[in-house]
Amino acid sequence: MLTLGIETSCDETAVSVVRDGREILSNAVSSSVHLHREFGGIVPEIASRCHVEFIGYVLKKALREAAVKDTDIDLIAVTQGPGLVGALLVGISFAKALSLAWDVPFVGVNHIQAHIYATIMGLTPKFPFIGLVVSGGHTNIFLVRDFDRLRLLGHTRDDAVGEAFDKVAKMLKLGYPGGPVIEKLARKGNVKNITFSRANLGNNLDFSFSGLKTAVLYYMKKNPKAKVADVAVSFQETAVDMLIEKVLLASGNNRLKRIVVGGGVSRNERLKDKLKKEAAQRGIKVFFPAAALCLDNAAMIAGLGYRLSKKGINSDLTLTAVPNLTVGRKDDQ
Ligand code: KG4
Ligand code: ZN
């Protein structure tokens, strides 16, 4: 069964063809990130306009690379939220138009759930496990019982971790997006030169990254001649440690020996190495996504859409964008 995935929640216009929810035949992405750079963050209207302009081409590319015809597609999956409302509406309208034109069903997918699915889509997943979603918009810990059964255990009370990387990079005049540049620069810094204090939220599983961001700001004001690489490595180390502490606590509390990480920040090698090492000492196995599936992509949307449809979940033409779509807030999920 072939699923066409469509993802337009932020600045990536992405279309993918996936067979049976796990075999990626194509994963086409066109990003407008270069147009947002001068603003130091995503400009929603520019993102929406780019989606409208490029989505038709990205569709053609995805079908061509998968070597399939439009008549071969059995299901369309589209991101319903969370994300930028104008950006989401482009993908949803496009999905509805294709569904009507091709006469195939379509299903709305939660972007956060899909980031976790991205990591397990090639595997035979063993539920339950602890899910950690770390991206530009989200920092969440879940108890994952099935593809669509997640219980939120903790979340950020202010900035997402990727957002903190982006804001600190802006402060240090390193450009956008901040994650990759900070990671690269951090390799040249000495972590022992600066210590940033960490937010102490006690024994719960919530995060707070805005204090760390402010600590970097004050440090730079006080020490304008500080080596930027030292600031980058100490910031990164602190952010990574905060994630590791809470996700290990979550797996300990729930006696689960598997952690699945997803989202843009899962690209970070320091996070990957340190979490894997610390988890291994506790007998915990950690899974990270393939490089092409860390950042926003439509393969994860197609894959999860297929799983939902197998459970009898489909959407109708009233589906609309939900910019603050949540997941797993109820205890019974
Ligand atoms: O998942 P994603 O593409 O978009 C959202 O759903 O938000 O994640 C983008 C975020 C950005 O904040 C970016 O700075 C961060 O992921 N990121 C990284 C790295 N690569 C991307 N953060 C830390 N280290 C990286 N190597
Ligand atoms: Zn994302």
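Before any of the text, the structure's been laid out above.
The following paragraphs examine the structure supplied in this document. (Residues numbered from 1 in each chain as written. Chains lettered and ligands numbered in written order. Predicted model: local features only at pLDDT ≥ 70, side-chain atom pairs only at ≥ 80, totals over all residues. Heavy atoms only, no water.)

1. Quick word on the overall build of the chain
1) Next: Helix and strand content of the chain: 10 helices and 10 strands.
2) Next: At 20 Å, the chain has a C-alpha radius of gyration in line with the 20 Å of a compact globule built from 333 residues.
3) Next: Taken along the three principal axes of its C-alpha coordinates, the chain extends 60 × 45 × 30 Å.
4) Next: Across the 333 residues that make up the chain, the buried fraction comes to 53%.
5) Next: The long-range fraction of contacts in the chain, counting pairs at least 24 apart against all pairs at least 6 apart in sequence, stands at 75%. (Helix = DSSP H or I, 4+ residues; strand = E, 2+ residues; numbered from the N terminus. Rg over C-alpha atoms; globule rule 2.2 N^0.38 Å. Buried < 20%, exposed > 50% of the residue type's maximum accessible area, 1.4 Å probe, protein only. Contact = heavy atoms within 4.5 Å.)

2. Digging into helix α10 (residues 299-310)
An α-helical turn contains 3.6 residues, so any two residues separated by three or four positions project in the same direction.
1) Next: Taking 1.5 Å as the rise per residue, α10 with 12 residues should run 16 Å; its terminal C-alpha atoms sit 17 Å apart, in good agreement.
2) Next: Burial of α10 is extensive: 11 of the 12 residues sit out of reach of the surface.
3) Next: For α10, the complete set of buried residues consists of A299, M300, I301, A302, G303, L304, G305, Y306, R307, L308 and S309.
4) Next: On its buried face, α10 sits against β1 (2-7), β2 (12-19), β3 (23-31), β4 (75-81), β5 (106-110) and α4 (111-120).
5) Next: One or two steps after α10, the chain reaches G312, where phi turns positive at roughly 85°. (Expected span 1.5 Å × (residues − 1).)

3. A word on empty space enclosed by the protein
1) Next: In total, this model carries one cavity of 30 Å³ or more according to the counting rule given.
2) Next: Its boundaries defined by the atoms lining it, the largest cavity holds a volume of some 50 Å³.
3) Next: Contributions of two or more residues to the lining of the largest cavity are made by α4 and β7 (139-146).
4) Next: Residue contributions to the lining of the largest cavity peak at four residues, all from α4. (1 Å grid on protein atoms, 1.4 Å probe; cavity = no way out; pocket = protein on both sides within 12 Å on 5 of 7 lines; lining within 4 Å. Points joined across faces, edges and corners; volume = space filled by probe spheres on them.)

4. Considering the sheet that holds β7
1) Next: The mixed open sheet is built from five strands, whose spatial order is β8-β7-β6-β9-β10. The strands lining the two open edges of the sheet, one partner per strand, are β8 (149-155) and β10 (285-287). Averaged over all adjacent pairs, the angle separating strand axes in this sheet is 25°, with direction ignored.
2) Next: Across four bridges, the pairing between strand β6 (residues 129-134) and strand β9 (residues 258-262) is parallel. Following the sheet pairing, G131 is matched in β9 by V260. (Pairing = 2+ DSSP bridges. Axes fitted to C-alpha atoms, helices over the stretch in contact; angles between N-to-C directions.)

5. A closer look at the packing of helix α7 (residues 210-222) against helix α8 (residues 228-253)
1) Next: The contact between α7 and α8 brings their axes to 11 Å, and the two run at 160°. Judged by the angle between their axes, α7 and α8 are roughly antiparallel. Between α7 and α8 lies a crossing of right-handed hand. In this structure, α7 uses L212, V216, Y219 and M220 to contact α8, whose residues at the interface are V231, F235, T238, A239 and M242.
2) Next: Residue classes in the contact of α7 with α8 are distributed as eight nonpolar, one polar and no charged. (Parallel < 35°, antiparallel > 145°, perpendicular 65-115°, else oblique. Left-handed = near helix turned anticlockwise from the far one by under 90°. Nonpolar A, V, L, I, M, F, W, Y, C, P; charged D, E, K, R; others polar.)

6. Re the layout of surface pockets
1) Next: Its boundaries defined by the atoms lining it, the second largest pocket holds a volume of some 150 Å³.
2) Next: Considering the residues around the second largest pocket, the lining is formed by I120, L123, T124, P125, K126, F129, R258, V260, K285 and F287.

These figures come from the coordinates and say nothing about function on their own.
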